[in-house]
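# Summary of the model geometry
Residue strings, one per chain:
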Amino acid sequence: MAANPLDNIRVVLVGTLYTGNVGSSCRAMANMGIRHLRLAAPNLQNSWEEGERLAVHATDILAAREEFPSLEAAVADCVAVVGTTAREGLYRQHVKAPRDCASDLLSVAATGPVALVFGREDKGLLNEEIAQCTHLVRIPVDEGYTSLNLSQAVLLTCYELFAASGRYVPPREKAPPAPQAQKAQLNKNWAAMLREIGFMKEEQSDHFMQGFQRVFSRGVVTKDDAALMLGVARQAVWAAKNHA
Ligand code: SAH
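A short tour of the structure in this document, coming up. Since we're looking at a predicted model, the values are computed, not measured. (Residues numbered from 1 in each chain as written. Predicted model: local features only at pLDDT ≥ 70, side-chain atom pairs only at ≥ 80, totals over all residues. Heavy atoms only, no water.)

### Details of the pattern of salt bridges
Short version of the rule: Between Lys or Arg on one side and Asp or Glu on the other, a salt bridge is scored when a side-chain nitrogen of the former is within 4 Å of a carboxyl oxygen of the latter. A run of DSSP states H or I qualifies as a helix once it reaches four residues; a run of E qualifies as a strand once it reaches two. Both are numbered from the N-terminal end. Using a 1.4 Å probe on the protein chains alone, a residue whose accessible area is under 20% of its type maximum counts as buried, one over 50% counts as exposed, and one in between counts as partly exposed.
Applying the stated criterion across every chain, the model contains eight salt bridges. When the shortest N-O distance is used, the salt bridge between Arg35 and Asp60 registers 2.7 Å. Residue Arg35 is found in the loop between helix 1 (19–31) and strand 2 (36–40), and its partner Asp60 is found in helix 3 (residues 59–63); the two are separated by 25 residues along the sequence. Given the relative accessible area of 37%, Arg35 is considered partly exposed. You can call Asp60 partly exposed: its relative accessible area is 43%. Here Arg38 and Glu66 are joined by a salt bridge, their closest N and O atoms 3.1 Å apart. In this pair, Arg38 is assigned in strand 2 and Glu66 in strand 3 (residues 66–68), connecting sequence segments 28 residues apart. Among the ionic contacts, a cluster of salt bridges with common partners joins Arg38, Glu66 and Asp77.

### A word on the packing of helix 8 (residues 180–196) against helix 10 (residues 223–242)
Put simply, the test is: For helices, the axis comes from a line fit to the C-alpha atoms of the stretch in contact; other axes are also lines fit to C-alpha atoms, and the angle between any two N-to-C directions lies between 0 and 180 degrees. Angular relationships are summarised with four words: roughly parallel below 35 degrees, roughly antiparallel beyond 145, roughly perpendicular across 65 to 115, and oblique for the angles in between. We call a crossing left-handed when the near helix sits turned anticlockwise from the far one by less than a right angle, and right-handed when that turn is clockwise. Only heavy atoms matter for contacts: two residues are in contact if any of them lie within 4.5 Å across the pair. Classes in brief: Ala, Val, Leu, Ile, Met, Phe, Trp, Tyr, Cys and Pro nonpolar; Asp, Glu, Lys and Arg charged; the others, Gly included, polar.
Where helix 8 contacts helix 10, the two axes come as close as 9 Å, and the packing angle between them is 25°. With respect to helix 10, the element helix 8 is oriented roughly parallel. Remark: the crossing between helix 8 and helix 10 carries left-handed chirality. Residues Gln182, Gln185, Leu186, Asn189, Trp190, Met193 and Glu196 of helix 8 form the contact with helix 10, whose participating residues are Lys223, Ala226, Ala227, Met229, Leu230, Val232, Ala233, Ala236, Val237, Ala240 and Lys241. Across the contact of helix 8 with helix 10, the residue classes tally to 12 nonpolar, three polar and three charged.

### What about the pairing of strand 5 (residues 114–118)?
Keep this limit in mind: Here, a strand pair is defined by DSSP locating no fewer than two bridges between the strands.
In terms of burial, strand 5 is largely enclosed, as five of its five residues are buried. Burial of the side chains of strand 5 extends over both faces: Val114, Leu116 and Phe118 are buried on one face and Ala115 and Val117 on the other. As paired elements, strand 1 (residues 9–14) and strand 5 share five bridges and run parallel to each other. Pairing of Arg10 across the sheet is with Ala115, part of strand 5. Summarising the sheet, strand 4 (residues 80–84) and strand 5 pair through four bridges and their orientation is parallel. Counted as the bridge partner of Gly83 is Val117 from strand 5.

Okay, structure coming up:
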């Protein structure tokens, strides 16, 4: 059982033509906490200089890549083989969006290696390679241009697994929410201040304060927010009295 199922993801690039796409894929993988790259029957047309440049801070993933003569060899130890395709059609009717299968794939990855398989820049995956896949995913795209750049397809697929893994914890509001008494005080002090500075008359208070209350109650008002707004009211009253 892998403690972190993302450690069991293998990104498998099949017949890749350009080292730049391999390098950009390494960067995308590192961004998404996925670190194992395999090249199956690479068909590289240019030097690794470009690949290393585009990997930026993920050259360790590039350096640790494993190479295999075929897709079959590259996925031999995997318990699931997820093909990615821009196309629908023959053999591809059961495609899912990565988001819709990410949790299931992570559950499988908790038990053994899972391959995410990406095809050639020019021809994608061949039918006999699609036939080796246990799952197929297609990233939702505009029908006007369905084929993504290889490394961008790697990024979006890895992103969905990363997002589903729950490893990213969004920043939380640190200040506690304002209690009702503080909100009432805020309302009262603002009403007094708004009259003091001549913004509204006594008989208009109900009307205007309903408006201000709406503003104050948008979203969660924290204690710090309320303290700040109370400070504004206090200063405005002081200024109105002293500069009148
Ligand atoms: N011309 C090829 C596309 C190659 S793009 C074709 O028509 O199949 C290179 C690789 O990026 C594809 O083999 C696939 O692995 C991935 N890819 C591109 N667009 C994708 C999409 N919309 N959904 C899933 N994978 C995609």
